[in-house]
Structure formats: structure tokens, C-alpha cells
Amino acid sequence: MGKKVVVALAGNPNSGKTTIFNQLTGARQHVGNYPGVTVEVRDGQREHGGLSMKIVDLPGTYSLTAYSAEEVVARNFIIEEKPDVVVDIIDASNLERNLYLAVELLELKAPLVLAFNMSDEAKSRGYEFDTEKLSRFFGAPVVQTIGHKGIGISELLDAIASVAQNRKEGGSSPSVSYGKEIEEEIAAIIALLKKTLPPPSETDLRWLALKLLENDKEARGRFKSPELNGQIAKSASRIEKLIGDSPETAIAARRYGFISGACQESVRSTIEIRHTISDRIDAVVTNRVMAMPIFLGLMYLVFKVTFSLGRVPMAWIEKFFGWLGGAIESLWPPDSTSLVKDLLVQGVIGGVGGVLTFLPVILVLFLAIAFLEDSGYMARAAFIMDRVMHKIGLHGKSFIPLLIGFGCTVPAIMATRTLENRRDRLTTMLVAPLMSCGARLPIYALIIPAFFQERYQAAMLWTIYMIGILLAIVTAKLLRRTILKGESVPFVMELPPYRMPTFTGLAMHTWERGWLFMRKAGTIILGISILLWALTTFPRLSPNDAALFESERQAARGSNLSPDALDEKLAQIDGEEAEKALQYSAAGRCGRVIEPLLKPMGFDWKIGTALIGAIAAKEVFVAQMGVLYSVSNAEERSDTLREKLRSLYTPLTGFCIMLFCLVSAPCMATFAVTTRESGSLKWGLLQFGGLTLLAYILTIIAFQTGRLLG
Ligand code: GDP
Ligand code: MG
């Protein structure tokens, strides 16, 4: 007699449990009622692989939520008796529905074997299974069987024996992620459970929290704590409000999303059978041929909408800050050279106002991204990209942090926590800044309309974003080939069903990110614009030089020029003085020092000065250009910065500025987060230095080629 183990057969009704049970046990069976209820449970014996197995045929159940008496029996057996192996008998001809129980067993961390029974039926319906992939996704062996013919039974026994012997290996089992909203509520409930339950608790807390959220009668009955019940009610109403579904429905939808994702990658159907609306949409959207064009097209549409919708309120805000600047200026006498006035108008309003102008564009972009996320399309985007990501040695799950990177690199790097493999995680982190973040949008929004005609603007923006994506791919591939070599682990790319986003959900997601941006404008950017203003103002021109310009002005006034010509002459003198003053200032000197380095990229020292500011935060570039050019251009306030840029630089320089800002040194916040999340300064420095060098080389190439081609 070998070691005694208990093996439970679970599965949906009519999946062939009893048939397989008979095959496994032969005649050695025993039928009895489950203690306390009139639900029949059979058990039998089998010797295999040196083990003495007691096999139990549980009543059929669709899920582990306690509904019928049969389901309660099956569930309690698995939870309370803790069998050494749970075999989930799956009707493989009706796979997605049958896998629901498998997902729940997976979440319960049951030692699982999946028997794909009715594989003859499945085959005749045109299904082909990649059992190896499926078994990696579910973290359990998958065996194909034909119950009534006894096919696959010995393989099944081998799988059972191997799971029984290798129990509790540690190792992370796959898990379903329920999306930000639901995960937050799960975390809140777990926190309360930890306080309520006497430690150490028997059941897995995450599983219990899920069951409580699912309104499982049995689980709910176990707790009388008003605090916990209050939290559950609050969580339920939050989920309802944000997702538009009850927690039960939303949770089930995510589980089906997991299944759907796993099947998309490992089940081939030679006959297309599509049942739900989501399946029908997916038939088009994730279609091998159409997926990429649709994805790229949608991204293009997002940028198109962002620009056309964002432009109008952008003009209003621009006007408002123009008016505010003028109003504050008028508090001083017309020719005053008050430093306070300059600080307020140029430093504060010029800097922060210049950045806040882009708030509408950023909000529209975030709204569009929130819509794609909440509707379920983003999961498809990740799924579609998974194929590509595999080619560069990353997993599709890396794509989600990278997508978030379009909003802000900081949360993107934090989102890499979902990647279990450290190499995957580091690679994703290092290339995340190449996803053009919201803070770079103001730069594009300044440059693109300045140099490119309206009909090319969306295409230009799209191009910049695509360059970032392509560079990320190349860089990731390089990293995976060199310093971050190694295997990547498979995950299930979840495909939750499509749904109409709720208004509250959209508003909240847009607001969260927009607020992050505004807070930055109010703090870091305000501080930096003031600092930059000081750097561009001090040291001031010597009184001698100032007097020189003043006497030139006097001379002009004394000559008998026509009024128009005089104005022009005076403006020219002012411009020269401002330019001289800027050169003389600390910022100007820095810019000049690095100018030789910038020349090959087609940048002058003014752009260089602004680029220094951009290291602190990307959007500071815009603020800085504003400060720089209103300094050198005090008389021509009506001239917008764009017109000034257009007159001074070529579209090629404009493009090079965008390219450099896209690729170069990530902002200080990114540097800090990368260092913290990777646990080492080394990675932060590598990211910072590597990307800056890359940007430098690329921009030189772009500028020099552009010049050659004219
Ligand atoms: P249970 O409700 O899960 O216990 O399912 P049963 O074992 O009672 O089986 C339900 C029906 O499916 C029976 O008629 C079996 O003969 C049939 N069946 C079981 N396994 C297979 C199989 O692999 N292929 C086919 N075609 N039929 C099967
Ligand atoms: Mg049966």
C-alpha cells in the first residue's frame, strides 16, 4: 500500500465525471450520502504510481458560489476536506463555460488537474487545443480524455500522481486580475478581514474577499461585523457606479475575460463559432489581418480627436492668461522696470499659464484613453500587441504599463509591478519613458501648429508617438538580448467583455490623471518657472550696456523717421537689448557653454536653455520657451510664441526638438521612481544616461539627414 491521497473529481453537470470516475475506479465503489444532506457522493479506490488514491465523485457544479445543495456539497468538500488533488472534468466541446469552475479552483489555489473530456466531441466541432499552453496559463496539467472509451485515463492518472507528489512547491500560480476598481475594493476588504479574523486564518483572504463581494450567502453568513458589512456595501455601490454592473456580474465578466484570453491564444477553431456580442466584435478586432490596422487607426483617431476638440478651449485659456498678464502689468506705470512685475508676468503667469493652456488637450487625450480602457478595447490592444511583444522578448502584460506611459511615466513604472519576472519588469521600466507621456504633449502642441499645416498636424503627432513606440521595441529587444537575457513567463491576457463605459468611471479616470498634471503645474512647474525666470534675468546687464541701448533709442527718437519706421527701429533695439541681456544671464551662459554640443542637432543656445529646464519636467520646456521669448521680445506681446518660432527656425528644427524631447532624459520624477522601483541607482542612471545619449545620436542623424535632403 502506497501513500494515501484523496482525489476529488469536480466539474459541471454532464461533463462526464461519473464516466471518468468509473474508468478510474472500476468496480471498487462506494455510494453514500454526504453527511447531513441527501446529496449522493461516491468514492472508490485506485492504486497508481505508488499512491493509494481515494477518488471522490463530487456533485456537478458550475461555480464555487454556494447556490444549490449540490454546489454547497462540492464546494465544502474542496474547501474543508482539502483533497490532495482536484481533477476538474471539463466538457471540452463547451470549453469557455466549463473553464469558469477551473478559474475559481485556480483562485482557491486548489492542487489542480484539468481533464479535457469529450475531446472527441470537441474535435468533431473543429476545436484544436494547445494543451501545453493551456496548462501554463492555468498552472495545472491538462489531459485530453474520452471518458466512455477510456482514452487518456492512464495519462490522467499520471498527472494526478505527479500533482499529488509535488504539492506545495511554492511558486506563483496564475491569477485573475480584476481591474483597478475591483482590486481596490478587494484590498479594502482584505484589510478589514485581517483585523476581524483571528489569525492565522484558514482560508485564503483574497478568495474570501471575492466571495464576500460576490454576495456569497455562506461567506456573508460567517461575518456579523457591521464594519465589514458596511465596507462590502460601500464597495458594491462603488463598483456599481464605476463599472455599471453589480460586483457579481463584474467579477464573473473578468473571469470570463481570463478564460477568453487563454482560449484565444491556445484554442484554434477550424469552424468559427461566435456566440456573444463581445465574441463577434473580437472576431473583427482581434482578427489576425485586421487587428493591427484597426489598432493603429484607433490610435490615430484618438490623436485627431484630441487636437480638434482640445483646440477651442486651449485658445480660451491662452486668451485668459494673456489678459491676466496684461491686467497685472497695468498695475505698474507703463515704463516701469519693476522686478516684481517681471516675476509675476513672466515667471509665474508666463510659465504656469503656458503649461495650463494645454490642460484641455491633455484632458481630451486622457478621456479618450479612459474610454478605450473602460470599454474593454485596451485589453484587446494588449492582446494584439502580445504577439508583437513576444517577438521582442516581452510579454503582452508589459504593454499595459507601457500604455499607461502615454499618460504619465511615473504610474507606468509603478504598474510594472504586475510583471512577476524581474527581467521583464526591468526591461519594461527602462523603455517606459519612450512612451510619449502627457507632459510631452504641450511641447508637441506648441511646435506642431507652429511649423506644420493643419492637415498634417494629426499625422505629425501620430508619427512622433509611433517613433517612441518603435524605439521602445528596438531598445527592449536590445536589452533582452544583452544585459537582461532570459526566458519570459506566460500569462493569460485577459479579454473582459466589451461594455459601455459609465460616465462616473470616465470622469474619474480622466480627472485623476488630469489632476496629477495640474498639481505638477502648481508645484514643480511653478517653482521651476520662477527659478528659470531668475536664471534668465540675473545677472542683469551692466548699467553701461543698458545706457548704451538707451542712447541708441534716444538717437532714433531724435532722427526724423516716420512714426511707423520709428516703432520698428525701437522694437529692433529692444529686441537686441533683450537678447544681449539673456546672453549675459546665468541661463544664457549655460546655454552658450553647451551650444557646441547642440549645434549638430540644429539647436541654438536658447533651445538648449529650455532643454535644461525640461530635465526637471518635460512640460517646463514650453514654459521656458515662453519666458525666453517674452524676454527677448517685450514689445511684441501680440506676437504669439509660435509665430516667433516659425520666423526663427525651420520645420526640421521643430521636428528635431520634438524628437529630442521624446527620447531624451526622462524627468526627475521618472528617474526617482525607476531608482526606487528597481531597487538600485544603477538602473535609474542607466535609463537616464542611455536615453539621453540615444536622443542625442538620433537627433543628430535626423537633423543632418534632413539638411542633406533639404
Ligand atoms: P456527470 O454528470 O458529469 O457525471 O456526467 P456523466 O459521466 O453522467 O456523463 C454524461 C454523458 O456524457 C454520458 O452519457 C456519457 O456516456 C457521456 N460521455 C462521457 N464522457 C464522454 C466523452 O468523452 N465523449 C462523449 N462523446 N461522451 C461522453
Ligand atoms: Mg454524475
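So, here's what we can say about the structure. Just so it is clear, the structure is predicted and the values come from calculations on it, not from any experiment.

**Structural notes on the overall build of the protein chain**
Okay, step 1: Scanning the protein chain from terminus to terminus reveals 31 helices and 9 strands.
Okay, step 2: Dimensions along the principal axes, computed over C-alpha positions, put the protein chain at roughly 120 × 60 × 45 Å.
Okay, step 3: Burial analysis of the protein chain (710 residues in total) assigns 53% to the buried set.
Okay, step 4: Residue pairs at least 24 apart in sequence account for 75% of intrachain contacts in the protein chain once pairs closer than 6 positions are excluded.
Okay, step 5: With the model as given, the accessible surface of the protein chain reaches about 31,600 Å², and the carbon-plus-sulfur share is 61%.
Okay, step 6: For the protein chain, the separation between the mean place of its 75 positive charges and that of its 70 negative charges on side chains is 3 Å.

**Considerations on the pattern of salt bridges**
Okay, step 1: Under the counting rule described, the total for this entry stands at 22 salt bridges.
Okay, step 2: The partner of glutamate 550 in a salt bridge is arginine 553, with the nearest N and O atoms 3.2 Å apart. Placement of the pair is glutamate 550 and arginine 553 together in helix α23 (residues 543–558), with a separation of 3 residues, close to one helical turn.
Okay, step 3: Look at arginine 553 and you get buried, because its relative accessible area is 9%.
Okay, step 4: In this structure, a network of salt bridges that share partners links the residues Glu104, Glu107, Lys211, Glu214 and Arg255.

**What about unusual backbone geometry?**
Okay, step 1: Proline 539 follows phenylalanine 538 through a cis peptide bond whose omega is -15 degrees.
Okay, step 2: You can see proline 539 is positioned in the loop between α22 (503–537) and α23.
Okay, step 3: Residues other than glycine seldom take positive phi values, yet lysine 109 does so here, at roughly 60 degrees.
Okay, step 4: Along the chain, the position of lysine 109 falls in the loop between α3 (95–107) and β6 (112–117).
Okay, step 5: A relative accessible area of 46% means that lysine 109 is categorised as partly exposed.

**Observations regarding the site of ligand 1**
Okay, step 1: Around ligand 1 sit 15 residues in total, of which Asn14, Lys17, Thr18, Thr19 and Gly147 are the nearest.
Okay, step 2: Within the backbone of glycine 16, one N or O atom sits 3.0 Å away from an oxygen atom of ligand 1.
Okay, step 3: Contacts to ligand 1 include asparagine 117, whose side-chain N or O atom sits 3.1 Å from a nitrogen atom.
Okay, step 4: Taking 580 Å² as the accessible area of ligand 1 by itself, protein coverage stands at 69%.
Okay, step 5: Of all the secondary-structure elements, those providing two or more residues to the shell around ligand 1 are α1 (17–25) and α4 (119–124).
Okay, step 6: In terms of residue count, the dominant contributor to the shell around ligand 1 is α1 (3 residues).

**Some details on the environment of alanine 381**
Okay, step 1: Tracing the chain through its elements places alanine 381 in helix α16 (residues 377–391).
Okay, step 2: Using a relative accessible area of 0% as the deciding quantity, one classes alanine 381 as buried.
Okay, step 3: Along the primary structure alanine 381 and glutamine 231 are separated by 150 residues, whereas in three dimensions their C-alpha atoms are 34 Å apart.
Okay, step 4: Alanine 381 has contacts with Phe295 and Phe399, leaving out every residue within four places of it along the chain.

**Observations regarding the packing of α1 against helix α6 (residues 153–165)**
Okay, step 1: Packing of α1 against α6 leaves a shortest axis separation of 10 Å and a crossing angle of 80 degrees. The pairing of α1 with α6 is recorded here as roughly perpendicular in orientation. Counting all contacts with α1, which are made through Ile20, Gln23 and Leu24, the residues of α6 involved are Ile153, Leu156 and Leu157.
Okay, step 2: For the contact of α1 with α6, the residue count by class is 5 nonpolar, 1 polar and no charged.

**Some details on the packing of aromatic side chains**
Each aromatic ring pair is specified by the distance between its two centres and by the angle formed by the two planes.
Okay, step 1: A complete count under the given rule lists 12 aromatic pairs for this structure.
Okay, step 2: Seen from their ring centres, tyrosine 127 and phenylalanine 129 are 6.4 Å apart, and the 15 degrees between their planes marks the pair as stacked. Each of the two residues, tyrosine 127 as well as phenylalanine 129, counts as buried.
Okay, step 3: With a centroid separation of 6.0 Å and 90 degrees between ring planes, the pair formed by phenylalanine 603 and phenylalanine 660 is classed as edge-to-face. A residue pair is termed long-range when its members are at least 10 positions apart, and phenylalanine 603 in the loop between α25 (586–598) and α26 (605–616) and phenylalanine 660 in helix α29 (residues 651–663) qualify at 57 residues.

**Remarks on a nonpolar patch on the surface**
Okay, step 1: Where nonpolar side chains cluster on the molecular surface, the patch consists of Leu301, Val305 and Leu309 and spans about 260 Å² of accessible area.
Okay, step 2: Its location among the elements puts valine 305 in helix α13 (residues 291–329).
Okay, step 3: Its relative accessible area of 32% is what places valine 305 among the partly exposed residues.

**Details of the nonpolar core**
Okay, step 1: Judged by nonpolar contacts, the single largest core of 95 residues is most densely connected at Tyr444, Phe603, Phe621 and Met625.
Okay, step 2: Top contributing element to this core by residue count: helix α21 (residues 454–481), with 10 residues.
Okay, step 3: Aside from chain neighbours lying at most four places away, what touches phenylalanine 621 is Ile443, Ile607, Ala610, Leu611, Ala614, Ile657 and Cys661.
Okay, step 4: By size, the runner-up hydrophobic cluster in this structure holds 67 residues, among which are Ala10, Ile90, Ala92 and Phe137.

**Observations concerning empty space enclosed by the protein**
Okay, step 1: A full pass over the atoms with the stated rule returns 4 cavities of 30 Å³ or more.
Okay, step 2: Space inside the second largest cavity adds up to approximately 100 Å³.
Okay, step 3: Each residue belonging to the lining of the second largest cavity can be placed in one class, and the counts come to 12 nonpolar, no polar and no charged.

**Some thoughts on the pairing of strand β1 (residues 3–11)**
Okay, step 1: One ladder, built from 7 bridges, connects β1 with strand β4 (residues 51–57); its direction is parallel. Looking at the pairing, valine 7 lines up with isoleucine 55 of β4.
Okay, step 2: The pairing of β1 with strand β5 (residues 85–91) spans 5 bridges and is classified as parallel. Bridge pairing in β5 places valine 7 opposite valine 85.

Calculation criteria
- Residues numbered from 1 in each chain as written.
- Chains lettered and ligands numbered in written order.
- Predicted model: local features only at pLDDT ≥ 70, side-chain atom pairs only at ≥ 80, totals over all residues.
- Heavy atoms only, no water.
- Helix = DSSP H or I, 4+ residues; strand = E, 2+ residues; numbered from the N terminus.
- Buried < 20%, exposed > 50% of the residue type's maximum accessible area, 1.4 Å probe, protein only.
- Contact = heavy atoms within 4.5 Å.
- Areas by Shrake-Rupley, 256 points an atom, 1.4 Å probe, with all protein chains shown as cover.
- Lys, Arg positive; Asp, Glu negative; His and termini not counted.
- Charge placed at Lys NZ, Arg CZ, Asp CG, Glu CD.
- Salt bridge = Lys/Arg side-chain N within 4 Å of Asp/Glu carboxyl O.
- Near = heavy atom within 4 Å.
- Polar contact = N/O pair within 3.5 Å; in protein donor to acceptor, adjacent residues only side chain to side chain.
- Axes fitted to C-alpha atoms, helices over the stretch in contact; angles between N-to-C directions.
- Parallel < 35°, antiparallel > 145°, perpendicular 65-115°, else oblique.
- Nonpolar A, V, L, I, M, F, W, Y, C, P; charged D, E, K, R; others polar.
- Phe/Tyr/Trp six-rings, centres within 6.5 Å; stacked < 30°, edge-to-face > 60°.
- Patch = residues over 30% accessible without salt bridge, like charges linked within 9 Å, V, L, I, M, F, W, Y side chains within 5 Å.
- Core = buried A, V, L, I, M, F, W, Y, C linked by side-chain atoms within 4.5 Å.
- 1 Å grid on protein atoms, 1.4 Å probe; cavity = no way out; pocket = protein on both sides within 12 Å on 5 of 7 lines; lining within 4 Å.
- Points joined across faces, edges and corners; volume = space filled by probe spheres on them.
- Pairing = 2+ DSSP bridges.

By themselves, these observations are geometric and do not establish any function.
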